[in-house]
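# Structure assessment
Spelled out, the chains give:
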Amino acid sequence: SKISLDYFNSQFSKFKINVRPKLINTGYIKLDHIRKKIKISKKNKKEKYILIAPGYSYAFKQYNMYQNIEKIIEKILIQTSEKIIYRPHPLDLTFKGDIKIITKIINKFKNNKNFSFDFSTSYLKSFINSKLLVTDLSSTAYTYSFATERPVIFFSKNEKKLKKDYFSKLNYFKDRNKIGLVSENTNDLIKILKNKTITNSNIQKNIINLRKNRIEFFESAVKRTASEINNIRK
């Protein structure tokens, strides 16, 4: 995106170098790949789940959802008829993460027929089978939303403090309500899930409009990249 391009240009400007690298925006190849797979999958009717995919448990502890995630899963299973796919952050499945909490959650809910988990290296299957995403500060929120055109619920346990933090100035947080809704506690989250307007067409339109404004060369990134490489070679 142009935002990424501007960021890296600003970082390079901090260094005293004679020759600056030229940064070229060629689009988001990975997003195009996922979008293509999503389109193909629409031909097959699949059961739709709520995908719960938090960010890394040790990152931004005062804002992430890990202290609440067990309660969130439990309330959804008890108070709604929804089915869940729980997909931990990949780092939390390694020695760098909190494998204990992952194990605790799996052991607690593994016998519930509405609960499933995804430890695979690719999130594609979970994207395809879900109707919405619940996350916190994970960049997956926008990859998911732009690829599937489905909504995201952001669980923000410390929203008041967040609004006073420098984070609030970032587009990630400014754009949240354009691709979904923000929930500040578990009761609020349940209310949103029970309110079926979270999956209405207006949110889909907002997602498409935001994607258009944020991602250049959507669905043509490979062609654009090849063209730019050829230009360099000439």
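Computed from a predicted model, the values in this text were never measured in an experiment. Every chain is numbered independently, its residues counted from 1 as its sequence is written. The model is predicted, so local features are restricted to residues of pLDDT at least 70 and side-chain atom pairs to those at 80 or more, both for listing and for counting; the totals for chains, interfaces and linings are taken over all residues. Excluding hydrogens and water, the side-chain values take into account all heavy atoms of the structure.

## Overview of the overall build of the chain
- Strands here are runs of E lasting at least two residues and helices are runs of H or I lasting at least four, both read from the DSSP assignment and numbered beginning at the N terminus. Within the chain, the regular secondary structure consists of 12 helices and six strands.
- When each of the 234 residues of the chain is scored for burial, the buried share is 43%.
- Only the protein chains shown count as cover for residues, and the accessible areas themselves come from Shrake-Rupley with a 1.4 Å probe. As presented, the chain carries roughly 13,900 Å² of accessible surface, and 53% of it is formed by carbon and sulfur atoms.
- The centroid of the 49 positive side-chain charges in the chain is displaced by 3 Å from the centroid of its 19 negative side-chain charges. The classification of residues rests on relative accessible area computed with a 1.4 Å probe and restricted to protein chains. Under 20% of the type maximum is buried, over 50% is exposed, and intermediate values are partly exposed. In this count, Lys and Arg are taken as positive residues and Asp and Glu as negative ones, while His and the chain termini are left out. For charged residues, the charge sits on one atom: NZ in Lys, CZ in Arg, CG in Asp, CD in Glu.

## Looking at the side chain of Asn25
- As for its placement among the helices and strands, Asn25 is situated in the loop between α1 (2-12) and α2 (29-41).
- Excluding its chain neighbours within four sequence positions, the residues that come into contact with Asn25 are Ser1, Lys2, Leu5, Glu216, Phe217 and Arg224. The contact definition used throughout considers only heavy atoms, calling two residues in contact when any of these lie within 4.5 Å.

## Re the packing of aromatic side chains
- Put simply, two rings from Phe, Tyr or Trp (the six-membered ring, in Trp's case) pair if the centres are within 6.5 Å, and we call them stacked under 30 degrees between planes, edge-to-face over 60, tilted for the rest. Tallying each qualifying case throughout the model produces 11 aromatic pairs.
- Taking the centre distance of 4.8 Å and the plane angle of 40° together, the rings of Phe117 and Phe119 count as tilted.
- Each ring, one from Tyr142 and one from Tyr172, has its centre 5.1 Å from the other, and the planes form 70°; the classification is edge-to-face. Here the residue Tyr142 occupies a position in helix α6 (residues 140-148), and Tyr172 occupies one in helix α8 (residues 171-174), the gap between them amounting to 30 residues.
- Residue classification places Tyr172 among the buried residues on the basis of a relative accessible area of 17%.

## Brief notes about the nonpolar core
- The criterion is simple. A nonpolar core is a set of buried Ala, Val, Leu, Ile, Met, Phe, Trp, Tyr and Cys residues joined through side-chain atoms within 4.5 Å. The biggest cluster of nonpolar side chains holds 56 residues, and the ones touching the most others in it are Ile52, Ile69, Ile73, Ile76, Tyr86 and Phe115.
- Those residues in contact with Ile69 that lie beyond four places of it in its chain are Ile52, Pro54, Tyr86, Ile101 and Ile105.

## Overview of the packing of helix α3 (residues 69-79) against helix α10 (residues 186-194)
- Where helices are involved, their axes are fitted lines through C-alpha atoms of the stretch in contact, as for all axes, and angles between N-to-C directions lie from 0 to 180°. At their nearest, the axes of α3 and α10 sit 10 Å apart, and the two run at 40° to each other. One way to sum up the angle between α3 and α10 is to call them oblique. Between α3 and α10 lies a crossing whose hand is right-handed. Here α3 contributes Lys71, Ile72, Lys75, Ile76 and Gln79 to the contact with α10, which in turn contributes Thr186, Asn187, Leu189, Ile190, Leu193 and Lys194. Orientation is classified from the angle alone, with under 35 degrees giving roughly parallel, over 145 giving roughly antiparallel, 65 to 115 giving roughly perpendicular, and any other angle giving oblique. In a left-handed crossing the near helix is turned counterclockwise from the far helix by less than a right angle, and in a right-handed crossing that turn is clockwise.

## Some thoughts on the pattern of salt bridges
- The salt bridge criterion pairs a side-chain nitrogen of Lys or Arg with a carboxyl oxygen of Asp or Glu, the two atoms within 4 Å. Within the structure shown, the criterion is met by 13 salt bridges.
- When the shortest N-O distance is used, the salt bridge between Lys2 and Asp6 registers 2.8 Å. Highlighted residues: Lys2 and Asp6, both in helix α1, separated by four residues, approximately one helical turn.
- Residue class for Asp6 comes out partly exposed when judged on its relative accessible area of 38%.

## A word on the sheet that holds strand β1 (residues 49-52)
- Here, strands pair whenever DSSP counts at least two bridges between them. What the six strands build is an open sheet, ordered β3-β2-β1-β4-β5-β6; its pairing is parallel. Only two strands of the sheet have a single partner each, and these edge strands are β3 (115-117) and β6 (180-183). Neighbour to neighbour, the strand axes of the sheet diverge by 25° on average, direction disregarded.
- Pairing analysis gives four bridges linking strand β5 (residues 152-155) to β6, with the strands arranged parallel. Within β6, the position partnered with Val152 by the bridge is Gly180.
- Contacts from helix α4 (residues 99-109) reach β2 (84-86) and β3, with the element oriented near 145° to β3.

## Comments concerning the packing of α6 against helix α11 (residues 201-214)
- Across the interface, α6 lies against α11 with an axial gap of 9 Å and an inter-helix angle of 110°. Here α6 is positioned roughly perpendicular relative to α11, judged by the angle of their axes. Here the hand of the crossing between α6 and α11 comes out left-handed. Here Tyr142, Ser145 and Phe146 of α6 lie close against α11, whose contacting residues are Ile207, Leu210, Arg211 and Arg214.
- Any residue outside Ala, Val, Leu, Ile, Met, Phe, Trp, Tyr, Cys, Pro, Asp, Glu, Lys and Arg is labelled polar, Gly included; the first ten of those are nonpolar and the last four are charged. Split into classes, the residues belonging to the contact of α6 with α11 amount to four nonpolar, one polar and two charged.

## Comments concerning the side chain of Thr135
- Structurally, the position occupied by Thr135 is in strand β4 (residues 130-135).
- Taking the relative accessible area as the measure of exposure, Thr135 reaches 0% and is therefore buried.
- Each residue touching Thr135, except ones within four places of it in the same chain, is listed here: Ala53, Pro54, Gly55, Met65, Ala141, Val152, Ile153, Phe154 and Phe155.

## Section: the confidence of the model for the chain
- In the predicted model, the chain carries a mean pLDDT of 91, and 97% of its residues have values of at least 70.
- Summary of the metric used: pLDDT quantifies the predictor's per-residue confidence within the range 0 to 100. The lowest-confidence element of the chain is helix α7 (residues 159-164), averaging 86 in pLDDT; the highest-confidence one is β2, averaging 97.

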